[in-house]
Amino acid sequence: MSAKIEASCHCGTIKLQVAEKPERLTSCNCSICRRLGTLWAYYHPNQVAFVSGQGTTVPYIQGERTLAIHHCSTCGCVTHWESIQEEYKDRMGVNARLMKPDEIADIPVRRFDGADTWTYLD
Ligand SMILES: [Zn+2]
């Protein structure tokens, strides 16, 4: 059984392979996600493998936040976020916008109110 899905940035420098198709995607309205237009699929970091480009992405860390959001240094596509705090190291987000649209078309998208209540709105 192979349900692996690949996520690639526009120029192809960064390719991530996730172990399984996500069951849901998250659209977050927080100050950074709404600007980036990302659609997050959450994984344990060991479910995500770099096919190419590991170590070449550029991190962005919001002021007091616990995450680093990475993008491709060539084409600018946001690829993933990773925790920069030990206690959250078991979680990672992959930008599903980089997955092939027909592979994720049937996955429900949940709206997360990261801007205010920190809960799902549906
Ligand atoms: Zn790129």
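Structure shown above.
These remarks concern the structure in this document. (Residues numbered from 1 in each chain as written. Predicted model: local features only at pLDDT ≥ 70, side-chain atom pairs only at ≥ 80, totals over all residues. Heavy atoms only, no water.)

**Observations regarding the packing of aromatic side chains**
Tallied over the full model, the rule gives three aromatic pairs. Geometrically, the ring pair formed by F112 and W118 is edge-to-face, given 5.2 Å between the ring centres and 75° between the ring planes. By relative accessible area, which is 14% here, F112 ends up buried. Accessibility expressed as a relative area gives 55% for W118, which makes it exposed. Geometrically, the ring pair formed by F112 and Y120 is edge-to-face, given 5.0 Å between the ring centres and 65° between the ring planes. An aromatic cluster of three or more residues is present, and its members are F112, W118 and Y120. Over the face of the ring belonging to Y120 we find R110, whose NZ or CZ atom lies 3.9 Å from the ring centre. (Phe/Tyr/Trp six-rings, centres within 6.5 Å; stacked < 30°, edge-to-face > 60°. Buried < 20%, exposed > 50% of the residue type's maximum accessible area, 1.4 Å probe, protein only. Lys NZ or Arg CZ within 6 Å of the ring centre and 35° of its normal.)

**Section: the coordination of the zinc ion**
Every protein donor of the zinc ion is accounted for by C9 (SG), C11 (SG), C72 (SG) and C75 (SG), and the metal-donor separations fall at 2.3 to 2.4 Å. For the zinc ion, the four donor atoms in the first shell make angles of 107 to 116° at the metal, a pattern classed as tetrahedral. All donors of the zinc ion come from a single chain, and their spacing in sequence reads C-x1-C-x60-C-x2-C. Of this pair, C11 sits in the loop between β1 (5-8) and β2 (15-18) while C75 is found in the loop between β7 (67-71) and β8 (78-83), placing the two residues 64 residues apart along the sequence. Residue classification places C11 among the partly exposed residues on the basis of a relative accessible area of 37%. (Donors = N, O, S within 2.8 Å, 3.2 Å for Na, K, Ca; no water. Tetrahedral: all angles 85-135°; square planar, octahedral: opposite > 155°, others 65-115°. Helix = DSSP H or I, 4+ residues; strand = E, 2+ residues; numbered from the N terminus.)

**Topic: the nonpolar core**
Judged by nonpolar contacts, the single largest core of 19 residues is most densely connected at V18, L25, Y43, V48, V94 and M99. Listed by contribution, the elements that provide at least two residues to this core are β1, β2, β4 (40-43) and β9 (92-95). When near neighbours in sequence (up to four residues on either side) are disregarded, V18 contacts K4, I5, Y43, Q47, V48, V94 and M99. (Core = buried A, V, L, I, M, F, W, Y, C linked by side-chain atoms within 4.5 Å. Contact = heavy atoms within 4.5 Å.)

**Observations concerning the sheet that holds β2**
Judged by pairing direction, the sheet is antiparallel, and its three strands sit side by side in the order β1-β2-β5 without closing on themselves. Each having just a single partner strand, β1 and β5 (48-52) make up the two edges of the open sheet. Taken over all neighbouring pairs, the strand axes of this sheet differ in orientation by 30° on average, direction set aside. Both β2 and β5 contribute to a ladder of four bridges, which runs antiparallel. Bridge assignment links K15 to a residue of β5, and that residue is S52. (Pairing = 2+ DSSP bridges. Axes fitted to C-alpha atoms, helices over the stretch in contact; angles between N-to-C directions.)

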